[in-house]
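Notes for the structure review
Here are the chains, one letter per residue:
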Amino acid sequence: MKKIQLFLVSLFCMLVLSACGAEITTTTNINKDGSGELIVTAVASSSEAEYLNGGFDALNQLLLDKAPEGLELSVVYDETNSDYTYSYKIAFKDSNDYNNKIATLFGTQGLAEFTDTSDYFTHKIIYKDLTDKALFIGWALNAIDESGICSYDSSEIYSWGYRYLNYDGEEVYSGYQEPTMEKTTTVGVSKVKCFSEYDINSNARKTLEIYLNTEDLVGIKEDDILSYFKKFDQNVEYNATTGTITYRLDNLEKINQFLLSVMNSDGENDVSEPPVKLSVTDSSIFAFSYELEEYYNLGNLFKALRMDTDYIDVYLSVPENLNYDWYDFTSYQAASEVADAKYNYQGACYYDSSFSSNFEAEQSVMVKDIDVKCILEDDMSGKLTTEFSFLPNGCDIDEAKCKEFYKDLDQEIAYQEQGDAVVVTFTKKFDKGESYSDKSNVLQVKESSLSNRKTKVYTFDHVFMLSGLVPMDDCEVNYKIMVPDSLKVTYYHSNEKVLTGKETERIQKNGYYTESISTYGGTVSVSVAIEKANVLFYVIVVVIVVALVGAAGVIIFLFLRKNKARKVGMVKSVTSMETVSSEEIATSKETTNPQAEAKENE
């Protein structure tokens, strides 16, 4: 069996010679660029030779001789089926070339039309051939009639069968009518990704990636693609290699402008409310409220496109360290591709339905420790130190803001950053009898009416209000009081416990009375009663004793002195009497013993 290889657009015509008539079939093949081939083919059974004068050899020679100049007729005999196949082809560059070649070969202008147009994302191809099909075989039928080679008239030996049209190797038409084709290709979207990022500083960013089907972009001008997408936002990027459209919206205003442009682009909607609302409101340097609300529909953006996917992959990044009071994230299924971990919400929604996300949070710093320490001196003056450490937890805090916030506190303030934590220390010195009050403390040290001559009783009352320092309610406070050994704590009362006597001493550690107090409503209340010996009383007693002792000594001294004087007088009297007696004796002696007197004088 011999074969004929045919290229480009082909037009086939089959002519079967038989008493019952022959069926003629045509086929047209068109390439994407409008070029093609026309091929005419006729198949006759060798059994029909009896109706031909001179058989098929005479017919073959006749057709080869009568073929129009420029028409290359091929005759092939199939030994298997004992058939003769007659065919010719006309190759053309475009529809104009085709029509001109038909005119050159058959004397009448061809009526084929091929158009390829694009409008943004629509690629439209039209082909139709209204050329009289009789032209394709008229020359052969005339040659048969004029030669008389056939026993039948040429009008009795053929009939028209199907006419086929193929475009780019694919059959697009088959039937008895003129071959026509109208093929409209809309650029398809294979996937869409929407990335949104919001933080606690009201910063917003949204990136939209649209992946076009690159096979559909043939014949579509890049300017047309950009012109369409720039209708929604001028800041758009196009990667022709990957067929990717990218919008980069780097603030809240641009995001809302883009979304409103898309939603109102059909001329039917009139949306004025911002599709995205983001607010971060500071109630103090230690607390803020965070609210994010999104509600938008991107359906209008894809109306000019063919959607090969039903979903948009949505990736949302919101601050992770917020304690959300309420949140909602629209997602009908999981995202087709997992994105970066910073997008803590990932899902997919229908491209032609509305997407929404809502987040609300009341956020404050995370307090780690609160230490309150009060040191009392022997004279009942003292120093109050309050130290609290916390994690900022998203709050924007620095030393300047902290000191400005506490400027009316009337305490010394120290600010220190330790790793991720912040430590703030307040110091207040006070005197006995001083009443001190600020936004976090009510403090008083005074002498009690229970004081007596021997003992002074002092009361220390302190109400510590956490809410005055940092916005929080219930928590645990490490509360410490240091009292000198010279003072005796007789009463200790806090929110939870009343500790007296030995129980109070049981909690004394390193000179501190200390306990951990769970507060209610953020308030600590502490009362302490302290006994102190009344030094003045004992001084007076000592003075009195000393005075008494002194007086007694004086009395004794005077008494002793008086007695001594009396004794001296008595001695003098006796002496006088002794003198008189002596004189009398001496006279007597002098008279009686002159030698003895002389010796005594010696």
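Everything here concerns the structure above.
The following refers to the structure shown. (Residues numbered from 1 in each chain as written. Predicted model: local features only at pLDDT ≥ 70, side-chain atom pairs only at ≥ 80, totals over all residues. Heavy atoms only, no water.)

1. Here's the deal with the packing of helix α2 (residues 95-106) against helix α3 (residues 134-147)
For the pair α2 and α3, the least separation of the axes is 11 Å and the interaxial angle reads 20°. Comparing their axes, α3 and α2 come out roughly parallel. As for how α2 packs across α3, the hand of that crossing is left-handed. Contact with α2, carried on its side by Tyr-98, Ile-102 and Phe-106, involves Leu-135, Phe-136 and Trp-139 of α3 and no other residues of that element. Across the contact of α2 with α3, the residue classes tally to six nonpolar, no polar and no charged. (Axes fitted to C-alpha atoms, helices over the stretch in contact; angles between N-to-C directions. Helix = DSSP H or I, 4+ residues; strand = E, 2+ residues; numbered from the N terminus. Parallel < 35°, antiparallel > 145°, perpendicular 65-115°, else oblique. Left-handed = near helix turned anticlockwise from the far one by under 90°. Contact = heavy atoms within 4.5 Å. Nonpolar A, V, L, I, M, F, W, Y, C, P; charged D, E, K, R; others polar.)

2. Quick notes on the environment of Tyr-295
Along the chain, the position of Tyr-295 falls in strand β15 (residues 287-296). When its relative accessible area of 53% is taken as the criterion, Tyr-295 is described as exposed. Separated by 36 residues in the primary sequence, Tyr-295 and Leu-259 place their C-alpha atoms 9.6 Å from one another. Not counting chain neighbours up to four residues away, the residues in contact with Tyr-295 comprise Pro-275, Ser-354, Phe-355 and Ser-356. (Buried < 20%, exposed > 50% of the residue type's maximum accessible area, 1.4 Å probe, protein only.)

3. Some remarks on the sheet that holds strand β6 (residues 122-129)
Across the sheet, which stays open at both edges, the three strands sit in the order β5-β6-β9 with antiparallel pairing between neighbours. Edge strands, defined here as strands with exactly one partner in the open sheet, are β5 (112-119) and β9 (180-186). Direction aside, neighbouring strands of the sheet carry axes that sit 5° apart on average. (Pairing = 2+ DSSP bridges.)

4. Observations concerning the packing of helix α1 (residues 55-66) against α3
The geometry of α1 relative to α3 is characterised by a closest axis approach of 10 Å and an angle of 125° between their N-to-C directions. As the angle between them shows, α1 and α3 are arranged oblique. Between α1 and α3 the crossing geometry is right-handed. Contacts between α1 and α3 involve Leu-59, Leu-62, Leu-63 and Lys-66 from the former and Trp-139, Ala-140, Ala-143, Ile-144 and Ser-147 from the latter.

5. Remarks on a negative patch on the surface
Together, Glu-291, Glu-293, Asp-325, Glu-360 and Glu-362 give the surface a local cluster of negative charge. Going through the elements one at a time, β15 and β20 (355-364) are the ones with two or more residues in the negative patch. By relative accessible area, Glu-291 is classed as partly exposed at 38%. (Patch = residues over 30% accessible without salt bridge, like charges linked within 9 Å, V, L, I, M, F, W, Y side chains within 5 Å. Areas by Shrake-Rupley, 256 points an atom, 1.4 Å probe, with all protein chains shown as cover. Salt bridge = Lys/Arg side-chain N within 4 Å of Asp/Glu carboxyl O. Lys, Arg positive; Asp, Glu negative; His and termini not counted. Charge placed at Lys NZ, Arg CZ, Asp CG, Glu CD.)

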